[in-house]
Amino acid sequence: MTTIDLPPDLTAGEHERTAPLLLSTDERHRLLERAFIGLYRWYVSRSQVKRNWNADSFVNWREMRTDHSEDVAILIEGFFAVEQYAPDYTSEILRLVRRSHGRSHFQMRWGAEEERHANTWENALLFSTARSPQYIDDYKKELRNNIWTLPWEDPLHMMIYTVFQERATQVNYLNFAQLSRGLAAKPGYEGEADPILERACTILATDEAAHYYFFLEGARLYLYYFPEETLDAILDVVTHFAMPAQNIIPNWPVIAEIIYKTGVYGPREFQRNVIVPVMKNLTVEGKKALEAGLKRSREIPNRDGVLRTSAFWDTFDARAAEGNVVNIFEKIHEYEVLIGRDAIDPTLYVPNPDWPEKSSTFQVV
Ligand SMILES: [Fe+2]
Ligand SMILES: [Fe+2]
């Protein structure tokens, strides 16, 4: 498994306005870091304007149905359990990326958004009356006896992992929203329509979509400045992916069975609505092609003396990947123009000179 650590000092170096002949590893990290700071600032401003809601007041919880089936109660309990570990998710990832201003500050904002997800599910569980306040209290304690730990111990793998995880969570909530409209994927749940639950699932799915796109942009940046390592990490994550906290939630087997039975999520959903769109958004052909390309590529030394050939270039669309990164820098640039930062300390796009085909015409002036 290839890993990349954050360098000790990400602030060194001057901005480069033209394409250099060679980018050192430190310079690549500096460019990544600068982009993460820009993206994070853009994200916060958008989050505050578009998604500033409170878990207690975005719906009138008193109007929630109190006659849901036990299957729906188990779904709510399951999502409540997963989101209960928000403090672990946040602190563990923060510890890993603390050297990066952009990533660590984003992670705090992300943690606050995940915290309100936990509160939303607690409200849903309480107001559905499917579980007593005492039960919820005891369950919470039981959950918190266990600690969630990182599935990977390096910032690149965790970036890739969160891309897939956020997308998968979004899909779960979108499908639960469908069920709450009385339109479940599987028969037998037509009578479960509940506008309050539907609104809760939808608002959570909107947050998860925003998280997904932030991490996706991060993965695109990594892919551009560290293509070989990022492709390796994508393959690792796709091969070993599991949703968070499943192994530490005591009644997960029961919850997983209901999630599958109701059609909210399962292996088919993972393949069709997670793997396929995420790979496409990363411009990667598919798992099999990626595996074969990376296998072929480990033959002659690369810039760091690791055995490689250029075969990995065949596993993704380099032109599209570059275009994605140009778009990120354009987005950051537009935001910095809006707030005036461009006049003092603009985030500049520096092309990766390793790229086989120079397709970009983007320039920040
Ligand atoms: Fe969440
Ligand atoms: Fe999320």
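Residues numbered from 1 in each chain as written. Chains lettered and ligands numbered in written order. Predicted model: local features only at pLDDT ≥ 70, side-chain atom pairs only at ≥ 80, totals over all residues.

A. Representation of the overall build of the protein chain in the model. Counting its secondary structure elements, the protein chain contains 12 helices and 0 strands. Starting at the N terminus and walking to the C terminus, you meet the elements of the protein chain as α-α-α-α-α-α-α-α-α-α-α-α. Within the protein chain, buried positions represent 41% of all 365 residues. Looking at the protein chain alone, contacts between residues at least 24 apart form 77% of all its contacts between residues at least 6 apart. (Helix = DSSP H or I, 4+ residues; strand = E, 2+ residues; numbered from the N terminus. Buried ≥ 20, exposed ≤ 12 C-beta atoms within 10 Å, placed from the backbone. Contact = placed C-beta atoms within 7 Å.)

B. Spatial organisation of the environment of Pro356. Following the sequence through the fold, Pro356 ends up in the segment after α12 (318–339). By C-beta crowding, Pro356 is classed as exposed, having 10 other C-beta atoms within 10 Å. Separated by 43 residues in sequence, Pro356 and Trp313 place their C-alpha atoms 8.5 Å apart. Setting aside its immediate chain neighbours within four residues, Pro356 contacts Trp313 and Ala318.

C. Spotlight on the packing of helix α4 (residues 101–127) against helix α7 (residues 195–225). Put simply, α4 and α7 touch, their axes get as near as 11 Å, and they point 165° apart. With respect to α7, the element α4 is oriented roughly antiparallel. Remark: the crossing between α4 and α7 carries left-handed chirality. For the pair α4 and α7, the contacting residues are Phe106, Trp110, Glu113, His117, Thr120 and Ala124 in the first and Leu197, Ala200, Leu204, Asp207, His211 and Phe214 in the second. In the contact of α4 with α7, the residues fall into 7 nonpolar, 3 polar and 2 charged. (Axes fitted to C-alpha atoms, helices over the stretch in contact; angles between N-to-C directions. Parallel < 35°, antiparallel > 145°, perpendicular 65-115°, else oblique. Left-handed = near helix turned anticlockwise from the far one by under 90°. Nonpolar A, V, L, I, M, F, W, Y, C, P; charged D, E, K, R; others polar.)

D. Looking closely at the nonpolar core. Grouped together as the largest cluster of nonpolar side chains are 90 residues, with contacts concentrated most on Ala35, Leu39, Ile160, Val163, Ala219, Tyr222 and Ile234. Per element, the largest residue contribution to this core is 16 residues, and it comes from α7. In contact with Ala35, other than residues within four places in its own chain, are Leu221, Ile328, Phe329, Ile332 and Thr347. (Core = buried A, V, L, I, M, F, W, Y, C linked by C-beta atoms within 7 Å.)

E. The arrangement of unusual backbone geometry in detail. The backbone of Ala245 sits at a positive phi, close to 70°, despite the residue not being glycine. Of note, Ala245 is situated in the loop between α8 (227–240) and α9 (252–261). Overall, Ala245 belongs to the partly exposed group, with 19 C-beta atoms counted inside 10 Å. If you check the backbone angles, Thr283 has positive phi at about 65° while not being a glycine. Topologically, Thr283 is positioned in the loop between α10 (267–281) and α11 (287–297). The exposure class assigned to Thr283 is partly exposed, which follows from the 18 C-beta atoms found within 10 Å.

F. Looking closely at α4. Here α4 is 27 residues long and its end C-alpha atoms lie 39 Å apart, about the 39 Å a rise of 1.5 Å per residue gives. A positive backbone phi angle near 60° is found at Thr129, which sits one or two residues after α4. (Expected span 1.5 Å × (residues − 1).)

G. The packing of helix α2 (residues 70–83) against α9, seen in detail. Axis separation between α2 and α9 bottoms out at 9 Å; the angle between their running directions is 120°. When the interaxial angle is binned, α2 and α9 end up oblique. Crossing handedness for the pair α2 and α9: left-handed. Residue-level inspection shows Asp71, Ile74, Leu75, Glu77 and Gly78 of α2 in contact with α9, the latter providing Val254, Ile255, Ile258, Ile259 and Lys261. Looking at the contact of α2 with α9, its residues break down into 6 nonpolar, 1 polar and 3 charged.

H. Focus on helix α3 (residues 86–97). With 12 residues, α3 should cover 16 Å at 1.5 Å per step; its first-to-last C-alpha distance of 16 Å lies within 8% of that length. All of the buried residues in α3 are Ala86, Tyr89, Ile93, Leu96 and Val97. Axial view of α3: buried residues confined to an arc of 110°, hence all on one face. On its buried face, α3 sits against α2, α4 and α6 (155–180). (Arc of directions from axis to C-beta.)

I. Region of the structure containing the environment of Phe312. With respect to the element layout, Phe312 can be found in the loop between α11 and α12. Residue classification places Phe312 among the buried positions, given that 21 C-beta atoms sit within 10 Å. Taking the C-alpha atoms as reference points, Phe312 and Ala292, separated by 20 residues in sequence, lie 8.8 Å from one another. In contact with Phe312, not counting residues within four places along its chain, are Pro227, Glu228, Leu231, Gly293, Leu294 and Ser297.

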